[in-house]
Amino acid sequence: MPKYFVPIVLLLTLFLAAAELRSAEVVPVAPANYDEAKVQEYTLPDPLTMQDGRKVTTAEQWMKERRPELLKLFEEHVYGKATLFRKGNKTFKTRFEYLNSKPVYDGKGIQHQFQIVWYQGNEPDENAHRVDVLVYTPKLAVGKKVPAFVSLNFQGNHTTDADPDIRMPVRIWNRSKVVYSPAKEEERGAQANRWPMQFLLERGYACVTAYYCDIEPDVNGGYLHGVRKFLYKEGEKQALDEANTIATWAWGLGEMLDGVEHFQDKLGIDPTKTVVVGHSRLGKTSLWAGAIDQRFAIVISNDSGCGGAALSRRNYGETVHRINVSFPHWFCDNFKKYNLDVNSLPVDQHQLIALAAPRPVYVASATEDRWADPKGEFLSAYNAGSVYKLFGTSGFGGVTEPPQPDLSVGGIIGYHNRTGGHGILEPDWKHYCDFADKHLK
């Protein structure tokens, strides 16, 4: 062997290793763009054009052909297939346990609490997974069934109202790493400004809520500590198109609705008149829940941004690349393929909103929440309108431009842009009640 052969081989090996290292490097995320002049040109995929090029011209064709096709595309490329959560799943069982009730707000309403219990075997044991569900119903629900808002909360049921009898979560999860701490008494009512329970009761609506991390912690690796612990073992690799955290929360909203159906006589809620609503990442969740579960009569997204109501193809505020880097556990792994080539994504979020058709759907933004791209959220709602016209409705009601702040516009698709920042506040709930009044009462 020539004496120079080994050094050459060594140099070649080092060169190839360096090249491989460079190819594996994470591409830096571009700084957020807040300049409309820098929004790149894009072409939205047509909700009414099938993948084979055929045009959708009737409501029947939409429901039988195009809607299932779009649902499959969103499952495969964005949210993931929740096949193990489908009806008939034998991996685990579900039970609903009613806990208690009492009058609240000087008799204006009734507070109920029940649990969703997921378990394996014949009976729940210490490995069972439990989710507390808090329900407020107006007094008039006695002997009558009322409509209800169904929504997840961020900090625990005890933070939505200061009532000392609301059950506290066993764990409050840290959203940056897989650690948790006990819930604390001083946290009671800490998020009450987002949950105007008395206002909803006075408007004639029930409110059904649960702590989203009780379903699955909002952290990379949280699946081992939520309901998906029954489906996967630590280190087990998921398929690229398998459902991840947002799809799990969305499925959990459907389980909450199952509980409402199960206890509808005790609760006094009409399960055919439920409104799924969510804020921020839970707004993304509510839109997907409304797409996969058509029992929700109205679908509402509040400040949901990228992966929610905002168009993915607009490079404004949060982008697909940023969201997948910051929250790798939210969407299926296939979604990451579009980090640097979002225009090749076969769907966009106006089509997600259209999956609610012919049911009413409402999108809300906030003027200072540029990260969530209010214009992109408006454009999604607007471009979903063509599907609603198949059902003989006005869609966006002739609205073609974003409205003035705080003004609610639209038809069976509604929209407003509240003055202020990222949040869900009583003015938002007022618009949602007005919208629900129009379509449910």
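Residues numbered from 1 in each chain as written. Predicted model: local features only at pLDDT ≥ 70, side-chain atom pairs only at ≥ 80, totals over all residues. Heavy atoms only, no water.

Chemist: Quick question: what am I supposed to make of helix α7 (residues 281-292) here?
Modeler: Note on helix geometry: an α-helix contains 3.6 residues per turn, so any two residues three or four positions apart are oriented the same way. Taking 1.5 Å of rise per residue, the 12 residues of α7 would be expected to cover 16 Å, and the 17 Å separating its terminal C-alpha atoms lies within 8% of that figure. Of all 12 residues in α7, 11 are buried; the element is thus mostly enclosed. Of all the residues in α7, the buried ones are R281, L282, G283, K284, T285, S286, L287, W288, A289, G290 and A291. (Helix = DSSP H or I, 4+ residues; strand = E, 2+ residues; numbered from the N terminus. Expected span 1.5 Å × (residues − 1). Buried < 20%, exposed > 50% of the residue type's maximum accessible area, 1.4 Å probe, protein only.)

Chemist: Sorry, what's going on with the sheet that holds strand β4 (residues 146-153) here?
Modeler: Across a sheet, paired strands are connected by hydrogen bonds in the backbone, their directions being either parallel or antiparallel. Read from one edge of the open sheet, 10 strands run β1-β2-β3-β7-β4-β8-β9-β10-β12-β11, paired in mixed fashion. A strand with exactly one partner marks an edge of an open sheet, and here the two such strands are β1 (93-104) and β11 (409-410). Pairing of strand β10 (residues 361-366) with strand β12 (residues 413-418), which is carried by 6 bridges, proceeds in the parallel orientation. Bridge assignment links V363 to a residue of β12, and that residue is Y415. (Pairing = 2+ DSSP bridges.)

Chemist: I would appreciate a short explanation of the pattern of salt bridges in the present structure.
Modeler: As a working rule, side chains carrying opposite charge can pair if their charged atoms are close by. Considering all chains together, one arrives at 30 salt bridges under this definition. For D265, the salt bridge identified is with K145, shortest N-O distance 3.1 Å. Here D265 is found in helix α6 (residues 264-267), whereas its partner K145 is found in the loop between β3 (129-138) and β4, with 120 residues between them in sequence. Here the salt bridges do not stand alone but share partners, grouping R203, K430, D434, D437 and K441 into one network. (Salt bridge = Lys/Arg side-chain N within 4 Å of Asp/Glu carboxyl O.)

Chemist: Quick question: what am I supposed to make of the packing of aromatic side chains here?
Modeler: Here the distance between the centres and the angle between the planes together describe a pair of aromatic rings. With the rule as written, the count across this model stands at 29 aromatic pairs. When the centroid spacing of 4.8 Å and the interplanar angle of 55° are considered together, the rings of Y212 and W249 count as tilted. Taken together, the residues span a long stretch of sequence, with Y212 in helix α4 (residues 212-215) and W249 in helix α5 (residues 245-262) at a distance of 37 residues. The same class applies to Y212 as to W249, namely buried. Members of the aromatic cluster, each reached through a chain of ring pairs, are F74, Y79, W288, F327, W330, F331 and F335. (Phe/Tyr/Trp six-rings, centres within 6.5 Å; stacked < 30°, edge-to-face > 60°.)

Chemist: Sorry, what's going on with the nonpolar core here?
Modeler: The nonpolar side chains of a soluble globular protein tend to be buried, and buried together. Formed by 93 residues in total, the largest nonpolar core has its most connected members in W62, W118, L152, V208, M256 and W288. It is α5 that contributes the most residues to this core, 9 residues altogether. Setting aside anything within four residues of it in sequence, one finds W118 in contact with F92, K93, T94, A128, H129, V131, I215, V227, F230, W251 and E255. Ranked by size, the runner-up nonpolar core spans 26 residues in total, among them V104, M197, V277 and W429. (Core = buried A, V, L, I, M, F, W, Y, C linked by side-chain atoms within 4.5 Å. Contact = heavy atoms within 4.5 Å.)

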